[in-house]
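Notes for the structure review
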Amino acid sequence: MTPSLPLRPELQGLEPYGAPQLDVPVLLNVNENPYAPSDGVVADVARAVAEATRGLNRYPDRDFLDLRRDLATYLARESGVTVAPEGIWAANGSNEVMLHLLQAFGGPGRTALSFAPTYSMYPEYARDTSTAWVTAQRAEDFTLDVDRAVAAVAEHAPSVVLLASPNNPTGTALAPAAGEAVLAAAARVPGGCVVVVDEAYGEFRREGTPSALELLADHPHLAVSRTMSKAFGLAGARLGYLAAAPALVDALRVVRLPYHLSAVTQAVARAALAHSDELMAQVGSLRAERDATVTWLRERGLTVAETDANFVLFGMFDDRHAVWQGLLDRGVLIREVGPDGWLRVSIGTPAEMTAFQDALVEVAGL
Ligand SMILES: *Cc1c(COP(=O)(O)O)cnc(C)c1O
């Protein structure tokens, strides 16, 4: 008899998650930074990796305090908010940071709550940690409906609330008053509730849009996660992190695998962080390109969601798949994601955005 594999029932028949990785000239589908690291960054990263390699016979620094100090310094410069290094946590992408959060604060018999439409990985973290998953709907314009959000927290009594700001795939930033209302509702959940604000696209927020980092000092049940994958242009390095009260971080230290962050990853991240000025300048031009793309789409009569991210959700198309396919046929890969009728385009270089616009004019007859 052929032995069967004891796959968990909830995993049976599932496919691994992931956007298509297709080989086409213009890749605008996974919100990457279109600019490769500069020669200066490449040289410093290579030097740092060579240095780290000399010590690879030893396990890495398990608590990576040097990296946490550098990340705290960066956050202070980027947002003006001071966080102690002990209030920083990092892992292999913010995907792993989020998994640590669910491992520590979710689990069997507990619930994670989010607001749809939102990031499609969230239900996977819940599933993989045997945490029940529930969503409430965002408002028509994709902002958080405060009354509905507060009611959903009271109804479901989640131990974790996941809130992306700017939200993926809509680009919507969380209004500070909405964030505070959810935090207040979470504080009333019996047994406690951690609110995670996922600021993977935080650096792209528009002038006047505050970061949830500003709420940290008053809210020990808040975690604000960030990543080097998007603004920093280091998606391939896999470094995500969060800021929170040190007591919350200490809980994550319990569930992480020992030595989860390799010495090479730590060295790469620190070398890149030393170049954050250069990065901030580049983020400025991507935001300008984003705003220009929004204007261009609106001028052509399309509906565009307000966006504080490095991508734009636009529509409405009766047959969005045909538009997506038409763009792909012209060498432009975007993402078919979000509510029906909408498409999402990541912000690329000016040349890539021109290619996108030219293709869209042809395909959609704008
Ligand atoms: C891209 C993205 C992330 C980042 O994931 P990494 O693991 O850090 O690459 C996190 N959250 C959202 C909503 C994202 O879109």
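Keep in mind the model is a prediction, meaning the values are calculated, not measured.

Conventions and cut-offs
Residues numbered from 1 in each chain as written. Predicted model: local features only at pLDDT ≥ 70, side-chain atom pairs only at ≥ 80, totals over all residues. Heavy atoms only, no water. Helix = DSSP H or I, 4+ residues; strand = E, 2+ residues; numbered from the N terminus. Buried < 20%, exposed > 50% of the residue type's maximum accessible area, 1.4 Å probe, protein only. Pairing = 2+ DSSP bridges. Arc of directions from axis to C-beta. Contact = heavy atoms within 4.5 Å. Polar contact = N/O pair within 3.5 Å; in protein donor to acceptor, adjacent residues only side chain to side chain. Core = buried A, V, L, I, M, F, W, Y, C linked by side-chain atoms within 4.5 Å. Domains from an automatic or database assignment. Axes fitted to C-alpha atoms, helices over the stretch in contact; angles between N-to-C directions. Parallel < 35°, antiparallel > 145°, perpendicular 65-115°, else oblique. Left-handed = near helix turned anticlockwise from the far one by under 90°. Nonpolar A, V, L, I, M, F, W, Y, C, P; charged D, E, K, R; others polar. Buried area = accessible area lost by both parts, 1.4 Å probe. Salt bridge = Lys/Arg side-chain N within 4 Å of Asp/Glu carboxyl O.

Moving on, we get to unusual backbone geometry. Alanine 116 connects to proline 117 through a cis peptide bond whose omega is -5 degrees. Relative to the elements of secondary structure, proline 117 occurs in the loop between strand S3 (111-116) and helix H4 (122-128). Residues asparagine 168 and proline 169 are joined by a peptide bond in cis, for which omega reads 15 degrees. With respect to the element layout, proline 169 can be found in the loop between strand S5 (160-164) and helix H6 (176-187). Phi is positive for asparagine 31, close to 60 degrees, though the residue is something other than glycine. If you trace the backbone, asparagine 31 turns up in the loop between strand S1 (26-27) and helix H1 (39-53).

What follows deals with the pairing of strand S7 (residues 222-227). Counting buried residues along S7, six of its six residues qualify, which places the element largely inside the surrounding structure. Side-chain alternation along S7 places Leu222, Val224 and Arg226 on one buried face and Ala223, Ser225 and Thr227 on a second face that is also buried. Pairing of strand S6 (residues 194-198) with S7, which is carried by four bridges, proceeds in the parallel orientation. Note on S7: the bridge partner recorded for valine 196 is alanine 223.

Turning to helix H5 (residues 146-156), its buried residues are Ala149, Ala152 and Val153. Buried residues of H5, viewed axially, fall in a sector of 100 degrees; they line one side. In H5, those exposed residues whose orientation departs by more than 90 degrees from the buried face are Asp147, Ala154 and Glu155. Structurally, H5 contributes buried residues whose contacts are with S3, strand S4 (132-137), S5 and H6. Measuring from the backbone nitrogen of aspartate 147 back to the side-chain oxygen at the start of H5 gives 3.2 Å, which picks out aspartate 145 as the cap. Remark: alanine 157 follows H5 within two positions and exhibits a positive phi of approximately 45 degrees.

Below, the discussion takes up the nonpolar core. One finds Leu101, Phe314, Ile334 and Phe356 to be the most contacted residues of the largest nonpolar core, which totals 103 residues. It is helix H9 (residues 276-299) that contributes the most residues to this core, six residues altogether. Per-domain counts for this core show at least three residues from each of domain 1 (15-31 + 277-364) and domain 2 (43-274). Not counting chain neighbours up to four residues away, the residues in contact with isoleucine 334 comprise Leu28, Asn29, Phe314, Trp324, Leu327, Leu343, Arg344, Val345 and Phe356. Core analysis: the next-biggest nonpolar cluster, separate from the first, contains seven residues, Val41, Ala52, Ala267 and Ala271 among them.

Ordered in space as S2-S8-S7-S6-S5-S3-S4, the seven strands form an open sheet in which the pairing is mixed. The open sheet terminates on both sides in strands that have one partner only, identified here as strand S2 (88-91) and S4. Recorded for the sheet is a direction-independent mean angle of 25 degrees between the axes of neighbouring strands. In the sheet, S2 pairs with strand S8 (residues 240-244) via four bridges, with the strands oriented antiparallel. Within the sheet, the bridge partner assigned to tryptophan 89 lies in S8 and is leucine 242.

With that out of the way, let us pick up the packing of H1 against helix H8 (residues 263-273). Close contact between H1 and H8 brings their axes to 8 Å; oriented N to C, the two are set at 150 degrees. On the basis of the axis angle, H1 is roughly antiparallel to H8. For the pair H1 and H8, the sense of crossing is right-handed. Every residue of H8 that contacts H1 at Asp44, Val45, Ala48, Val49 and Ala52 is listed here: Ala263, Val264, Ala267, Val268, Ala271 and Ala272. Each residue belonging to the contact of H1 with H8 can be placed in one class, and the counts come to 10 nonpolar, no polar and one charged.

If you check the domain split of the chain, you get domain 1 (15-31 + 277-364) and domain 2 (43-274). Spacing between the C-alpha centres of domain 1 and domain 2 amounts to 25 Å. Both faces considered, domain 1 and domain 2 share a buried interface measuring about 2,100 Å² in area, 56% of it formed by carbon and sulfur atoms. Broken down residue by residue, the surface that domain 1 buries against domain 2 is led by Tyr17, Leu279 and Asp308, which jointly contribute 31%. On inspection of domain 1 and its partner domain 2, the count reaches three salt bridges.

What follows deals with the environment of leucine 174. Along the chain, leucine 174 falls in the loop between S5 and H6. Leucine 174 gets classed as buried once you look at its relative accessible area, which sits at 13%. Between the C-alpha atoms of leucine 174 and alanine 157, which are 17 residues apart in sequence, the distance is 21 Å.

In the case of a regular strand, side chains alternate between the two sheet surfaces. The buried count for strand S10 (residues 311-315) comes to five of five residues, which makes it a mostly enclosed element. Where burial is concerned, the two faces of S10 agree: the one with Phe311, Leu313 and Gly315 and the one with Val312 and Phe314 are both buried. Connecting strand S9 (residues 303-304) to the antiparallel partner S10 that follows it, the hairpin turn spans six residues. The pairing of S10 with strand S12 (residues 343-346) spans four bridges and is classified as antiparallel. Note on S12: the bridge partner recorded for phenylalanine 311 is serine 346.

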